[in-house]
Amino acid sequence: MNYSRFINAISAARKASPIRILTELQQRSPPSLISLAAGAPNANTFPFKSASISLKNGGSIEFDETLMKRALQYSASSGIPELLSWMKDLQKSLHNPPTAGRAQLDMCVTTGSQEGLCKAFEMIINPGDNVLLDAPTYSGTLAALKPLGCNIINIPSDQYGMIPEALRETLSQWRLEDVGKPNNTIPKLLYTIPNGGNPTGASMTTERKREVYQLAQDYDFLIIEDDPYYFLQFEKPWAPTFLSMDVDGRVLRTDSFSKILSSGLRLGFVTGPKPLIDRIVLHMQASTMHTSTFTQLLVTQLLQRWGQEGFLNHIDSVVEFYRKQRDAMLSSADKWLQDVAEWHMPAAGMFLWIKVKGIQDTHKLIMEKALEKEVLLVPGGVFNIDSSEPCPYVRAAFSLSSPEQIDQAFQRLHALIKESM
């Protein structure tokens, strides 16, 4: 593929930092190397000496003085080698990307998947560009896109994700013969959350993914597969990903450890074509420089201890917890909300998307009246491209509250809706 269309002038102008290059060269060099090049502080001056982190299974992760010095120091912008190696092996095991064997696939570590998303958007988009997504969608994505001055085009979706027929109809306003021509206005990218979408809980079917990918090939646009809930799918086998279908190298996939290891460690990954990953890393060199070395080493030690089998066993236990939480929320919804709302069972993620009957817009209901009933949800309008448009939905998260709290919350929500109808 020719990626020049997907790299804007700002991204194309980024050059590798000589200092960052030297840092990475030094870290790959033998201990006998004497370097007077690095501008790094001397780790002997840091107040931290060592650390022992207890695990729930009774084990511990040890940072002796030597490892602690490394953990507190600068590291490569793309990520520490051990973590990248482990994650690349995992991606191959889970997704078997068709481009992996052709040395076209690469990965970088990001400070949460949000950093990867923002840098991908800022690499690709020019003011006035057309961007496709299926709203309602993650409000953080909208916050990242809107300042870029792009035209956000909404593709209708349902409980099974983006509707390919609607995407095809939207794309029909552009001529296929214009694909590849300079200065065409065909969308450069499509963004979607394919599993357990935030806020809808929708998961795209395999057949729909194939149809969407074919349209991406026909119209030559990238797919940003934002999949933080991939590991929170409630049924196996897990759905095939866009990355697993990507014969061209037109998928940028973001993954996150926030939902399965820790949200506060801020550890995410971007996997995709090397020419695009390289641009993202150049942006990191000039901004965050790299994700916390301590965080990366901590997680690497845990993953190496577990191995892939242990990691997937941990995932199974996390999924089982959220499945019970989801089922508790569905049971309480059936108990309290059947006469005032409707919903679909989410196949992944941690959200229930509830349509309130008889109320055109839930914003006032939630922002002004819900606190009086001591219950709080998110009004659905904040997930729309135009948040001022009336929206009859609310998002309920089943991740934190106990089943008893969920039941009480829905009882209070029922009373609130009844009073407002």
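Caption draft 1: Representation of the sheet that holds strand S14 (residues 378-379). Read across the open sheet, the 4 strands follow the order S12-S13-S15-S14; overall the sheet is antiparallel. Each having just a single partner strand, strand S12 (341-342) and S14 make up the two edges of the open sheet. In the sheet, S12 pairs with strand S13 (residues 351-356) via 2 bridges, with the strands oriented antiparallel. Within the sheet, the bridge partner assigned to Ala 341 lies in S13 and is Val 356.

Caption draft 2: Broad picture of the sheet that holds strand S3 (residues 105-110). Strand order in the open sheet formed by 7 strands is S3-S11-S10-S9-S8-S4-S5, and the pairing between neighbours is mixed. In this open sheet, the two edge strands, each paired with only one partner strand, are S3 and strand S5 (151-154). Strand-to-strand twist in this sheet, taken as the mean axis angle between neighbours without regard to direction, amounts to 20°. In this sheet, strand S9 (residues 222-226) lies alongside strand S8 (residues 189-192) in parallel orientation, the contact comprising 4 bridges.

Caption draft 3: Geometry of helix H5 (residues 112-124). Burial analysis of H5 places 10 of its 13 residues in the buried class, which makes it a mostly covered element. Within the span of H5, buried status applies to Gly 112, Ser 113, Glu 115, Gly 116, Leu 117, Lys 119, Ala 120, Phe 121, Met 123 and Ile 124.

Caption draft 4: Representation of the packing of aromatic side chains within the structure. All chains considered together, the criterion is met by 13 aromatic pairs. Judged by centre distance (5.8 Å) and plane angle (80°), the rings of Phe 231 and Trp 238 are edge-to-face. Assigned by exposure class, Phe 231 and Trp 238 land together as buried. Through a chain of ring-to-ring contacts, the aromatic side chains of Trp 86, Tyr 230, Phe 231, Trp 238, Phe 257, Phe 269 and Phe 311 assemble into a single cluster. Lying across the ring of Tyr 230, Arg 253 places its NZ or CZ 4.9 Å from the centre. A cation over a ring is seen here: Arg 326 above Phe 234, with NZ or CZ 4.5 Å from the ring centre.

Caption draft 5: Seen up close, the packing of H5 against helix H10 (residues 274-285). Between H5 and H10, the least distance of the axes is 10 Å, while the angle of their chain directions is 105°. By the angle class used here, H5 and H10 are roughly perpendicular. Residues Glu 115, Lys 119, Ala 120, Glu 122 and Met 123 of H5 touch H10, and the partners they reach there are Leu 276, Arg 279, Ile 280, His 283 and Met 284. Residues that form the contact of H5 with H10 fall into these classes: 5 nonpolar, 1 polar and 4 charged.

Caption draft 6: Quick look at the side chain of Asn 198. Positionally, Asn 198 belongs in the loop between S8 and helix H8 (206-219). Apart from the residues within four sequence positions on either side, Asn 198 is in contact with Thr 137, Tyr 138, Ile 193, Tyr 229, Phe 351, Phe 383 and Arg 395.

Caption draft 7: Quick look at H10. The terminal C-alpha atoms of H10 lie 16 Å apart, and with 12 residues this matches the ideal 16 Å at 1.5 Å per residue to within 8%. Most of H10 is tucked away: 9 of the 12 residues are buried. Taken as a whole, H10 has its buried residues at Leu 276, Ile 277, Arg 279, Ile 280, Val 281, Leu 282, His 283, Met 284 and Gln 285.

Caption draft 8: Inspection of the side chain of Lys 188 at higher detail. Mapped onto the elements of the fold, Lys 188 is located in the loop between helix H7 (164-171) and S8. Looking at Lys 188, the relative accessible area reads 11%, which means it is buried. Within polar-contact distance, the side chain of Lys 188 engages the side chain of Asp 129 at 3.0 Å. If near-sequence neighbours (up to four positions away) are discounted, Lys 188 is found in contact with Arg 5, Phe 6, Ile 124, Asn 126, Asp 129, Asn 130, Phe 221 and Leu 222.

Caption draft 9: The arrangement of the layout of surface pockets in detail. Its volume calculated, the largest pocket comes out at about 1,100 Å³. Together, 43 residues line the largest pocket, and Thr 23, Gln 26, Gln 27, Tyr 74 and Ser 75 are the ones closest to its centre. Only helix H2 (18-27), helix H3 (65-71), helix H4 (81-95), S3 and H10 provide two or more residues apiece to the lining of the largest pocket. Considered class by class, the residues forming the lining of the largest pocket number 19 nonpolar, 15 polar and 9 charged. Space inside the second largest pocket adds up to approximately 980 Å³. Every residue lining the second largest pocket is counted, 38 residues in all, and those nearest its centre are Ser 258, Lys 259, Ile 260, Leu 261 and Ser 262. Mapped by element, the contributors of at least two residues to the lining of the second largest pocket are strand S1 (51-54), H5 and helix H11 (293-336).

Caption draft 10: Just the pairing of strand S10 (residues 251-256), in detail. Buried residues dominate S10, accounting for 6 of its 6 residues. Where burial is concerned, the two faces of S10 agree: the one with Val 251, Arg 253 and Asp 255 and the one with Leu 252, Thr 254 and Ser 256 are both buried. Bridge analysis of S9 against S10 gives 4 bridges, and the strand direction is parallel. Among the inter-strand pairings, Asp 226 is bridged to a residue of S10, identified as Thr 254. Sheet topology places S10 next to strand S11 (residues 268-273); 4 bridges connect them, and they run antiparallel. Across the sheet, the residue bridging to Thr 254 is Val 270, located in S11.

Caption draft 11: Quick peek at unusual backbone geometry. Backbone torsion omega between Ala 135 and Pro 136 reads 5°, so that peptide bond is classified as cis. Mapped onto the elements of the fold, Pro 136 is located in the loop between strand S4 (130-133) and helix H6 (139-145). Residue Pro 237 follows Lys 236 across a cis peptide bond; omega there is 0°. Its location among the elements puts Pro 237 in the loop between S9 and helix H9 (242-245). Even without a glycine there, the phi angle at Asp 220 is positive, about 55°. Its identity as a non-glycine residue notwithstanding, Arg 266 has a phi of 55°, on the positive side. In this structure, Arg 266 sits in the loop between S10 and S11. Among the residues examined, Arg 266 registers a relative accessible area of 32% and is labelled partly exposed.

Rules used throughout
- Residues numbered from 1 in each chain as written.
- Predicted model: local features only at pLDDT ≥ 70, side-chain atom pairs only at ≥ 80, totals over all residues.
- Heavy atoms only, no water.
- Pairing = 2+ DSSP bridges.
- Helix = DSSP H or I, 4+ residues; strand = E, 2+ residues; numbered from the N terminus.
- Axes fitted to C-alpha atoms, helices over the stretch in contact; angles between N-to-C directions.
- Buried < 20%, exposed > 50% of the residue type's maximum accessible area, 1.4 Å probe, protein only.
- Phe/Tyr/Trp six-rings, centres within 6.5 Å; stacked < 30°, edge-to-face > 60°.
- Lys NZ or Arg CZ within 6 Å of the ring centre and 35° of its normal.
- Parallel < 35°, antiparallel > 145°, perpendicular 65-115°, else oblique.
- Contact = heavy atoms within 4.5 Å.
- Nonpolar A, V, L, I, M, F, W, Y, C, P; charged D, E, K, R; others polar.
- Expected span 1.5 Å × (residues − 1).
- Polar contact = N/O pair within 3.5 Å; in protein donor to acceptor, adjacent residues only side chain to side chain.
- 1 Å grid on protein atoms, 1.4 Å probe; cavity = no way out; pocket = protein on both sides within 12 Å on 5 of 7 lines; lining within 4 Å.
- Points joined across faces, edges and corners; volume = space filled by probe spheres on them.

The values are spatial; any link to function lies outside them.
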